[in-house]
Structure formats: structure tokens, C-alpha cells
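Here is what each chain is made of, one letter per residue.
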Amino acid sequence: MSKRKIILNLCTSLDSFIEGENGEIDWCLTDQDYSMTAFLNRIDTIFFGRKSYEQLVQEMPNAFSDKKKVVFSKTLKNTDVHSRVISGNIENEVRDLINAPGKDIWLFGGADLTTTMINLNLVDELMISVHPLLLGKGKPLFNAIKGRKKLTLTDTKTFSTGLVQLYYTVEKK
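The present account deals with the structure reproduced in this document.

So, how was this worked out
- Residues numbered from 1 in each chain as written.
- Predicted model: local features only at pLDDT ≥ 70, side-chain atom pairs only at ≥ 80, totals over all residues.
- Heavy atoms only, no water.
- Pairing = 2+ DSSP bridges.
- Helix = DSSP H or I, 4+ residues; strand = E, 2+ residues; numbered from the N terminus.
- Axes fitted to C-alpha atoms, helices over the stretch in contact; angles between N-to-C directions.
- Contact = heavy atoms within 4.5 Å.
- Buried < 20%, exposed > 50% of the residue type's maximum accessible area, 1.4 Å probe, protein only.
- Arc of directions from axis to C-beta.

**Overview of the sheet that holds strand E1 (residues 6-13)**
Sheet strands associate in pairs through backbone hydrogen bonding, adopting either a parallel or an antiparallel arrangement. Spatial strand order, E5-E4-E3-E6-E1-E7-E10-E9: eight strands in an open sheet with mixed pairing. Two strands in the sheet have a free side with no partner beyond their single neighbour: strand E5 (83-86) and strand E9 (151-158). Pairs of neighbouring strands in the sheet enclose a mean axial angle of 25 degrees, with direction left out of account. Inspection of the sheet shows strand E3 (residues 43-49) paired to strand E4 (residues 68-72) by five bridges, in the parallel sense. If you follow Thr-45 over to E4, its bridge partner there is Lys-68. Here helix H2 (residues 50-59) sits on the sheet in contact with E3, E4, E5 and strand E6 (104-109), set at roughly 110 degrees to E3.

**Structural notes on H2**
Within the sequence span of H2, burial applies to Ser-52, Tyr-53 and Leu-56. On an axial view of H2, the arc spanned by its buried residues comes to 100 degrees, and they lie on one face. Opposite the buried face of H2, by more than 90 degrees, sit the exposed residues Lys-51 and Gln-58.

This is the structure we're talking about:
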């Protein structure tokens, strides 16, 4: 049995922000599929930080109802019946999840959880959708990454809107 992969899949502006200055994500293109149907068929679990989870529940309460949701938070207590909260020992909890049977796992965000997962060498692949705009200010895609992380480009896709998807594998040490 092969272990499940953790895939960071998110949108970014060309200047590498995942949110605008006031937390806005209204600039993310949603006018076509952008490879999401194939991606969603590949996964059965989604990892969220607390803020990303709460934003999803508020804006799209029924989104991804067929997926297991894992929320990483020291403060969140209540989730829906399809969700679970991990509040400590992230590395051991995640290793147990990736070694359990199932499909791959989507690292949805946010920035703090992404940083933690990358620094713990738990991310296997990146699927970054670069949107054709500059935000100027906002929350950066990567922050406080410890040391270099070598990536290997495995694919690219371009769309009529100017969106470019970059696919990478993360070299493990």
C-alpha cells in the first residue's frame, strides 16, 4: 500500500499573495473548471487551518460535503459531523492519516498551516494556480519557510483567462 500524498492546491496572484490586503479572495477566477474536477476525484480529505475552515463554512456551507475535513486549531471546538479537529502533535497525527487507507489529501490552507506542513516536510506536491493580476499587498503564499525546499516541475497548464497552473513535486531529504 502506498502512502497518501499531501497536495498544496491554491490560488495566488502573480505577486504571490493568497489573499488581498483585507483578506479578500474575490479575485480568484471561477469561470471555468481549472482542473478542479480531476483534482477533487483524486482526494478524499481536506486539511484546513481554522480561519480557512471558518471562511469556507460561512461562504459555502455545503462545499466539499463528500470529503473528510480535518481542521488544525488550538481554539476551534465545534465542527460539522464530517470534520475533525487536530489541536496538537500535528506531525504524528498527519503521519497517521497519510499512512491510513484512502485517496490523496488536499492541503487547502491557510498560510500558517501551509508553513507548518512544509517545514515538517509533509507536503508532497504543489498545484499553484497563478492568477493574472498583481495585488500589491496581502497575505503571502509562503512565509517563514525554514531552509530551501527543492521542487521539480512536473506539469504546467495555461487557460484562456491567463491563469497558469504550476505542478511541482517536493524533493524529500
